[in-house]
Amino acid sequence: MAKTKKVYVCSECGTEVPKWEGQCSGCGSWNTFVEELKVTGSRHVKDSGSPLLNKIKETVKPLHTISVDEDLRRTTGISEFDRVLGGGIVEGSLVLVGGDPGIGKSTLLLQVCQKLSDQSAKVLYISGEESLRQIKIRGSRLGANGENVYLYSETSLQLVENAIGNLKPDVLIIDSIQTVFSETIESAPGSVSQVREVTGRLMRIAKSLRIATFIIGHVTKDGAIAGPRVLEHMVDTVLYFEGERTHAYRVLRAVKNRFGSTNEIGLFEMMDSGLAEVANPSEFMLAGRPNEEPGSVITCCLEGTRPLLVEVQALASSTTFNMPRRTANGTDTNRINMLIAVLEKKLGMLWGGYDCYVNIAGGMKVTEPALDLALTAALASSYKNRTVVGKTILFGEVGLTGEVRAVSQSDKRIAEAAKMGFETCILPAANAKKIGKEYAGMKIIGVTSVSEALSQCF
């Protein structure tokens, strides 16, 4: 006989304990345990309320007998979205899309619905948060009125499965996974048990019926997907939609992708008519930058295979306090402290009486080591109140001894800078040996140390 008992489950990692605890022993989070009922004493999983799953039967097959279609991907027509997915939507894939409230998750997927509808793909959009009238109003604003887009406002998983079985869509969208519940689970919608059960059944439907499925997930205050981490392990792809409401751009980033790279990003701009692709990200990031100002340096970072020019800004301001401030926006503060220590030790700059503020213009977040040389030049430029020679770009990794180390794919970075009209590139000498003294119409200057690089900047 099956029995039920009370357990407490961590809403962050899914750890189960018999009684309530203040701190989770699994992930260290505080006040995240919620009470749930757990069925014990039976190994049988109840699928009585799921006629669709009962019809799905898989057989054991030898590996060599399984055929794979050549064209497994369906492009959406939104190139930035396809880039992040690895070239398009894979049949039978399960994709989790997360992001802050109001960032544009539903807007993006509704635009994807319209693009797929134009390709005669049948799309079923399940909404547990909005009525059909609300979705229609937003769709009219976005120009999404496709004949092959079907809307359904429902939260019961059993009714959702019936709709899937009757319509047999090519693409399924669930908005959001925290609102859908299974009647076979006694927990409240959005609980750990419900999210795990609903996602598991959607995964079986997607794989067996070859329906590409997108599920929208809420995020916690720390920006992670709400619910247990097992949710991210179950899906094929995890996409995060990032950006600040005060900035026009939005970044779509893959943190897990079984069908492509996790290094690619998609860049969008939020407009009145919805999300628009940014055709030239470097031009977008450099728009409005000051000319001939101390503390402003241009560098080229790589997001996946895409080179992206960004402006690094630094401000050295004298202070009367014993403890000067070190503030960084868009990069690691500890990295700034290390580079300031290198400037003090190797170049004799005394930063003890200066506050230091560093900013990556446009709200971008850059963590790759190739940013070091540009950060160092921006700090020295503001400290000395001298501008970097015009139309110059810098990139390279800086070590603790002041050496400049090589970085990857320097030719792509230089080509992108040349396209934007830059004339001089200061980069590690190891990279310069492979490239030569000129590349793509740009003058190439190889340096081995920070002091050598700064002597070429000013």
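Scroll up for the structure.
Nothing here was measured: the structure is a model prediction, and the numbers come from that model. (Residues numbered from 1 in each chain as written. Predicted model: local features only at pLDDT ≥ 70, side-chain atom pairs only at ≥ 80, totals over all residues. Heavy atoms only, no water.)

Attention now goes to the overall build of the protein chain. Counting secondary structure elements, the protein chain contains 13 helices and 24 strands. A buried classification covers 50% of the 458 residues belonging to the protein chain. The long-range fraction of contacts in the protein chain, counting pairs at least 24 apart against all pairs at least 6 apart in sequence, stands at 67%. Accessible surface, the protein chain as shown: approximately 22000 Å² in total, 50% of it carbon and sulfur. The centroid of the 52 positive side-chain charges in the protein chain is displaced by 4 Å from the centroid of its 51 negative side-chain charges. (Helix = DSSP H or I, 4+ residues; strand = E, 2+ residues; numbered from the N terminus. Buried < 20%, exposed > 50% of the residue type's maximum accessible area, 1.4 Å probe, protein only. Contact = heavy atoms within 4.5 Å. Areas by Shrake-Rupley, 256 points an atom, 1.4 Å probe, with all protein chains shown as cover. Lys, Arg positive; Asp, Glu negative; His and termini not counted. Charge placed at Lys NZ, Arg CZ, Asp CG, Glu CD.)

Looking now at a nonpolar patch on the surface. There is a patch of nonpolar side chains on the surface, built from Leu63, Ile66, Val68 and Leu72 and spanning about 410 Å² of accessible area. Along the chain, Leu63 turns up in the loop between α1 (51-55) and β4 (73-74). Overall, Leu63 belongs to the exposed group, its relative accessible area being 73%. (Patch = residues over 30% accessible without salt bridge, like charges linked within 9 Å, V, L, I, M, F, W, Y side chains within 5 Å. Salt bridge = Lys/Arg side-chain N within 4 Å of Asp/Glu carboxyl O.)

Time to look at helix α4 (residues 132-142). Listed in full, the buried residues belonging to α4 are Ile135, Arg138, Gly139 and Leu142. Taken end-on, α4 shows its buried residues confined to a sector of 100 degrees, consistent with a single buried face. Pointing more than 90 degrees away from the buried face of α4 are the exposed residues Arg133 and Ile137. Elements that come into contact with the buried residues of α4 comprise α3 (105-118), β7 (123-127), β8 (149-153) and β14 (274-277). Backbone geometry just downstream of α4 places Gly143 in the positive-phi region, at approximately 80 degrees. (Arc of directions from axis to C-beta.)

Following Asp175, the chain continues to Ser176 via a peptide bond in cis, the omega torsion being 0 degrees. Relative to the assigned elements, Ser176 resides in the loop between β9 (171-175) and α6 (192-209).

A word on the sheet that holds strand β13 (residues 265-271). Within the open sheet, the nine strands sit side by side as β8-β7-β9-β10-β6-β11-β12-β13-β14. Their pairing is mixed. In the strand order of this sheet, the two ends are held by β8 and β14, each with one partner. Ignoring which end each strand starts from, the neighbouring axes of this sheet average 25 degrees apart. Where strand β6 (residues 94-99) meets strand β11 (residues 237-242), five bridges bridge the pair, whose relative direction is parallel. Note that in β11 the partner of Leu96 across the bridge is Val238. Sitting on the sheet, α4 is in contact with β7, β8 and β14, with an inclination near 145 degrees to β8. (Pairing = 2+ DSSP bridges. Axes fitted to C-alpha atoms, helices over the stretch in contact; angles between N-to-C directions.)

Here the focus is the pattern of salt bridges. For the structure shown, the criterion picks out 17 salt bridges. Here Lys207 and Asp236 are joined by a salt bridge, their closest N and O atoms 2.4 Å apart. In this pair, Lys207 is assigned in helix α6 and Asp236 in the loop between α7 (230-234) and β11, connecting sequence segments 29 residues apart. Judged by its relative accessible area of 38%, Lys207 is partly exposed. Classification of Asp236 by relative accessible area gives buried; the value is 2%. In this structure, the salt-bridge partner of Arg253 is Glu303, at a minimum N-O distance of 3.3 Å.

Before going further, it helps to spend a moment on the packing of α3 against α4. Where α3 contacts α4, the axes come no closer than 10 Å and their chain directions differ by 70 degrees. One element, α3, and the other, α4, form an angle in the roughly perpendicular class. Where α3 crosses over α4, the two elements pack in a sense that is right-handed. For the pair formed by α3 and α4, the contact residues are Ser106, Thr107, Leu110 and Gln111 on the first element and Ile135, Arg138, Gly139 and Leu142 on the second. Here the residues of the contact of α3 with α4 are counted per class, giving three nonpolar, four polar and one charged. (Parallel < 35°, antiparallel > 145°, perpendicular 65-115°, else oblique. Left-handed = near helix turned anticlockwise from the far one by under 90°. Nonpolar A, V, L, I, M, F, W, Y, C, P; charged D, E, K, R; others polar.)

Moving on to the packing of aromatic side chains. Going through the model one piece at a time under the given rule, you end up with five aromatic pairs. Ring plane angle 35 degrees and centroid distance 5.1 Å describe the contact between Trp351 and Tyr383, whose orientation is recorded as tilted. Of this pair, Trp351 sits in the loop between α9 (333-347) and β18 (354-360) while Tyr383 sits in helix α10 (residues 372-384), and the two are 32 residues apart along the sequence. Taking relative accessible area as the criterion, Tyr383 reaches 24% and is therefore assigned partly exposed. One aromatic cluster in this structure is built from Trp351, Tyr354 and Tyr383. Looking at Arg413, its charged tip hangs above the ring of Phe395, at a distance of 5.6 Å from the centre. (Phe/Tyr/Trp six-rings, centres within 6.5 Å; stacked < 30°, edge-to-face > 60°. Lys NZ or Arg CZ within 6 Å of the ring centre and 35° of its normal.)

Right, let's talk about α6 for a bit. Taking 1.5 Å as the rise per residue, α6 with 18 residues should run 26 Å; its terminal C-alpha atoms sit 26 Å apart, in good agreement. If you check which residues of α6 are buried, you get Val192, Ser193, Gln194, Val195, Glu197, Val198, Thr199, Gly200, Arg201, Leu202, Ile205 and Ala206. Once α6 finishes, Arg210 follows within two positions and takes phi at roughly 60 degrees, a positive value. (Expected span 1.5 Å × (residues − 1).)

Before going further, it helps to examine the pairing of strand β17 (residues 326-329). Here four bridges tie β17 to β18, and the two strands are oriented parallel to one another. Paired with Thr327 across the strands is Tyr357, a residue of β18.

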